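Fold and contact review
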Amino acid sequence: MRGYRYLDSKGTFQLSDPELTSYLYFPIANEGGVMSSITPTLGGDNKMGQNVFLLAPVSSEDLHNNKSTRNFWCNIKGKGVWSATGKSSEQEAKLYTPDKDETTLEAGMMWHKVTRTSKKFGISAEIISFVPCSKETMELMIVTLKNTGEDMLELIPTAAIPLYGRSADNIRDHRNVTSLLHRVETTSRGVVLNPTLTFDERGHHKNTVVYGVFGGSEEGESPAGFFPCVETFIGEGGSFENPRVIYEESSVPVAAGTCIDGYEAVGGIRFEAVKLQPSQEKTFIITMGYGTSKENIEQTAEKFLSKKVCEASLEETKAYWIDKINVSYRTGNQNFDAWMNWVNFQPMLRRIYGCSFLPHHDYGKGGRGWRDLWQDCLALLMMNPEGVRDMLISNFGGVRVDGSNATIIGVNQGEFIADRNNITRVWMDHGVWPFITTNLYIMQSGDLGILLLPQTYFKDPQAVRGEEKDTQWKTEDGNQLKTEAGVIYQGTILEHMLLENLTAFYDVGEHNHMRLRGADWNDALDMAKDRGESVAFTALYGSNLDQMADLLLAMEQKGISKVSLFREMELLLEDEEGLYNDIKKKQELLYQYCSTCKHTISGEQIELSCKDLAQNLKNKADWIRNHIRETEWLTNNEGHSWYNGYYDNSGNAVEGDFESGVRMMLTGQVFTIMSGTATKEQVKSITVAADSYLYDESIGGYKLNTNFKEIKTDLGRMFGFAYGHKENGAVFAHMAVMYANALYQRGFVQEGYKVINSLYSHCSDFEKSKIYPGIPEYVGDNGRGLYHYLTGSASWLLLTVLTEMFGVKGELGNLKLDPKLTLEQFDQNGEAGVQLVFANRKLNIKYINTGKKEFGEYKIGEVILNNTVYDYSQGYIERQDLEAFNADQEHSIFVRLQ
């Protein structure tokens, strides 16, 4: 049975014969802008953005089709040609024979090593690839050749890195024409590509990025020569897997100082012939990357053309990323603990790569969406809370006065860009996430003061929740909402959150649930703009209103009795059940509000009591909860009960019994449970129905929906996907993890653990999932994990494991301990623990369950803080007691369960 094994507690893993599994790729990147993907045979790509690709962009299918890969060739005298990466025609042909190379992959956070041994040639190669954490715009390869035979080897080494050097758009848009812009020059150390212009959808501009590949050996030797032109390197009839110059020993490389214009480029670097005695090794360094000029890129590359410097940079990079992951777990399953290190690492990858730039993520042009801004902060709050406060405040600058938000997000923090051309697509769930994230921040930090900080509102032509345009707005007016007097308006963070949730409250369809509009969390529910409704997210908005009221009451207790809002918002605070039940009046009220604020607002303020405002929100939350309970709870012919989560564009309920079979969706269950809409008895019924209709252990657990057996064009494109793929019935990890979170919150611990353990067990079974450690976006119907690494499910899994499973969470800044560990999660000594940072203090928390009790049988007994018994009668450890300790040391908390 093939599978990886962990080499340490930090998640370093090893896998034999990785090239025998398709679609594998691994991320190596840094915070300087370099984003690479690499395969077991060193395929993949390297880029700094949509318009700056060093290596040609690849999507998942290119991983097995593409011949333009990183390569290192050895022409061995008397034996033949061998590729140290395995990418030769001969080696590919022998992949399934006894003559194949022996290969082993070893990898950790942001570094990748493949060792390849050929019995036929008596040689091995170890290739370590990484991007230095010190932010230089370089990818480094350390290639070590070793004579594993009994006779001396004489060989000619040649590195070959195909240089693309332009925008991803040019893959099929003027590919040949843009090669005519190439200006290629060889230097003493490598090949430099400096295109004259960029030629893509942005127009024609003078190029400002220089690309290059450079080489050296451990002794500091310069290359013997170069092959900078693809046509010359592969030769007539040749290819990158069968390049003519490698096989023909008479091929003569060009010298430094050679210039070639108007051709596709390759970093072909020929080294001097090498003689290796048995067991002797020789190391070569290959650097590839970007610069602002020929001199700049040469200077950066030269820094790393030393084995000593490269190895030091590798160790620094390893330590840097491990230190970044400052949450770790100790359970009875060490493999789970190591796997969670990769899950904890994934949100960092998403902040670097955005939602694009890995092979499965071959869409978009980089960056993140509105939802991503907030959900990625969840993981930051757990691992690196410093800086999150400013990030949250900046993000609120993307909220529009109609409760919608900017959808074009800039590179810089808090940068939002106007959509001047089209009526913006409105995702109805977007107003949910800012509060959820901000509330978590407040719970972790106790910082209620953030609610009263000022922030602007985003302004562009879009108005009335994407249905109209503000024809008075001009580009020169800027992208911030102004008052009638022309002054940029700033409202509190609380005001922004209220606005997002109150406008949603009135934005209802014909069943008095919130309109689905362009889609909700499920982007593929995108064909029900007119009559679609999302019961699922209506429930979550209701929960937000309820919890916002709790924050207002907490402010009251802190002596803040009143808050201010801009005057026009008073309309949204109408509070009578007759209005709530009247769909038309709610719609009219929302339109009246949006029309009033379409161009500017008055700038006048109203003052409200925290208690009165809290009661207003509670009333709205209660109405939502009761309305959903009364109208959407269903029982089918088989006796199973659950909540209908949606209405389609025909105005019909989506779930229940149909001629085609039972239709059930997970999303509506998740958020009715999480919001408290579902009663305890209803939660029990939902779990039984979900187990019956959605659970499939063979593919990792809970599917997003049953098979509707219909291309449902009145709901969304997802029904055009084959069933069992992506949003149509795959095990979609993000929603599955949120299901677990909801179950844990409501005390259904065994059921929540089943969700997470099913996902973990499947994903960590390499034979089934065929992915490296971590959690993918979804699991397909054949069990393969897809869209690995860049998924919001990682943030939610980190949050769920830490705050629900281990029960380590903030309560208005204090530390609450509420473990929900099952008996099997404790080790043989009855212990489980977690290391984390809370209140800017490093904590080592250990739960001691010597009685070997199951969840539900144990409760917190004694709490020992730094070897001193702590009075835990309040149900939490006070923040000030933690802050009294040295911030540079780790502090222990032992919790005896009884």
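So, a few notes on the structure that sits alongside this text. (Residues numbered from 1 in each chain as written. Predicted model: local features only at pLDDT ≥ 70, side-chain atom pairs only at ≥ 80, totals over all residues. Heavy atoms only, no water.)

The next thing to look at is the overall build of the protein chain. A tally of regular secondary structure across the protein chain gives 23 helices and 50 strands. Projected onto the principal axes, the alpha-carbon positions of the protein chain cover approximately 90 × 70 × 65 Å. Across the 898 residues that make up the protein chain, the buried fraction comes to 61%. When contacts within the protein chain are restricted to residue pairs at least 6 apart in sequence, those whose partners lie at least 24 apart make up 71%. (Helix = DSSP H or I, 4+ residues; strand = E, 2+ residues; numbered from the N terminus. Buried < 20%, exposed > 50% of the residue type's maximum accessible area, 1.4 Å probe, protein only. Contact = heavy atoms within 4.5 Å.)

With their axes 7 Å apart at the nearest point, helix H19 (residues 733-745) and helix H20 (residues 749-763) run at an angle of 155° to one another. Considered as vectors, H19 and H20 are oriented roughly antiparallel to each other. Between H19 and H20 the crossing geometry is left-handed. Contacts from Ala 733, Ala 736, Val 737, Tyr 739, Ala 740, Leu 743 and Tyr 744 in H19 reach Val 749, Glu 751, Gly 752, Tyr 753, Val 755, Ile 756 and Leu 759 in H20. When grouped by side-chain class, the residues that make up the contact of H19 with H20 number twelve nonpolar, one polar and one charged. (Axes fitted to C-alpha atoms, helices over the stretch in contact; angles between N-to-C directions. Parallel < 35°, antiparallel > 145°, perpendicular 65-115°, else oblique. Left-handed = near helix turned anticlockwise from the far one by under 90°. Nonpolar A, V, L, I, M, F, W, Y, C, P; charged D, E, K, R; others polar.)

Positive phi outside glycine occurs at Tyr 23, with the angle close to 65°. Here Tyr 23 shows up in the loop between strand E2 (13-16) and strand E3 (26-29). We classify Tyr 23 as partly exposed; its relative accessible area is 24%. Backbone geometry at Arg 465 places phi at a positive 55°, although glycine is not the residue there. Mapped onto the elements, Arg 465 comes out in the loop between strand E28 (462-463) and strand E29 (468-469).

Another aspect to go through is the pairing of strand E6 (residues 52-55). Pairing of strand E5 (residues 44-49) with E6 involves three bridges; the strand directions are antiparallel. Directly across from Lys 47, in E6, lies its bridge partner Phe 53. The turn joining E5 and E6, which pair antiparallel and follow one another in sequence, is formed by two residues. (Pairing = 2+ DSSP bridges.)

If you trace the eleven strands from one edge of the open sheet to the other, you get E1-E2-E9-E10-E11-E12-E23-E18-E15-E14-E20, paired in antiparallel fashion. The open sheet has two edge strands with one neighbour each: strand E1 (5-6) and strand E20 (259-261). As judged from the seven bridges shared by strand E9 (residues 102-108) and strand E10 (residues 111-118), these two strands associate in the antiparallel manner. Looking at the pairing, Ala 107 lines up with His 112 of E10.

Attention now moves to the packing of aromatic side chains. Tallied over the full model, the rule gives 47 aromatic pairs. Ring geometry for Phe 227 and Phe 233: centres 6.2 Å apart, planes at 55°, overall tilted. Judged on exposure class, the residue Phe 227 and its partner Phe 233 are both buried. One aromatic cluster in this structure is built from Tyr 4, Tyr 6, Phe 13, Tyr 25, Phe 26, Tyr 320, Trp 321, Trp 342, Phe 345, Phe 766, Tyr 772 and Tyr 789. Directly above the ring of Phe 505 sits Lys 586, whose terminal nitrogen or CZ lies 4.5 Å from the centroid. (Phe/Tyr/Trp six-rings, centres within 6.5 Å; stacked < 30°, edge-to-face > 60°. Lys NZ or Arg CZ within 6 Å of the ring centre and 35° of its normal.)

Another point: the sheet that holds strand E4 (residues 35-38). On the basis of which strands lie adjacent, the open sheet formed by four strands has the order E3-E4-E5-E6 and antiparallel pairing. At either margin of the open sheet sits one strand with a lone partner, and together these are E3 and E6. Strand-to-strand, the axes of this sheet are offset by a mean angle of 20°, without reference to chain direction.

This brings us to the packing of helix H8 (residues 334-353) against helix H22 (residues 793-805). Relative to each other, H8 and H22 sit at 130°, their axes nearing to 8 Å. With respect to H22, the element H8 is oriented oblique. As for how H8 packs across H22, the hand of that crossing is left-handed. Here Phe 336, Trp 339, Met 340, Val 343, Asn 344, Gln 346 and Pro 347 of H8 come into contact with H22, specifically with Ala 794, Ser 795, Leu 797, Leu 798, Val 801 and Met 805. For the contact of H8 with H22, the class distribution of residues is ten nonpolar, three polar and no charged.

Turning next to empty space enclosed by the protein. Applying the stated criterion across every chain, the model contains seven cavities of 30 Å³ or more. Its volume calculated, the largest cavity comes out at about 170 Å³. Along its surface, the largest cavity is lined by 17 residues, and Gln 91, Lys 94, Asp 99, Lys 100 and Asp 101 are the ones closest to its centre. Of all elements in the fold, only strand E8 (80-83), helix H2 (89-93) and E10 reach the threshold of two or more residues within the lining of the largest cavity. In terms of residue count, H2 provides more of the lining of the largest cavity than any other element does, three residues in total. (1 Å grid on protein atoms, 1.4 Å probe; cavity = no way out; pocket = protein on both sides within 12 Å on 5 of 7 lines; lining within 4 Å. Points joined across faces, edges and corners; volume = space filled by probe spheres on them.)

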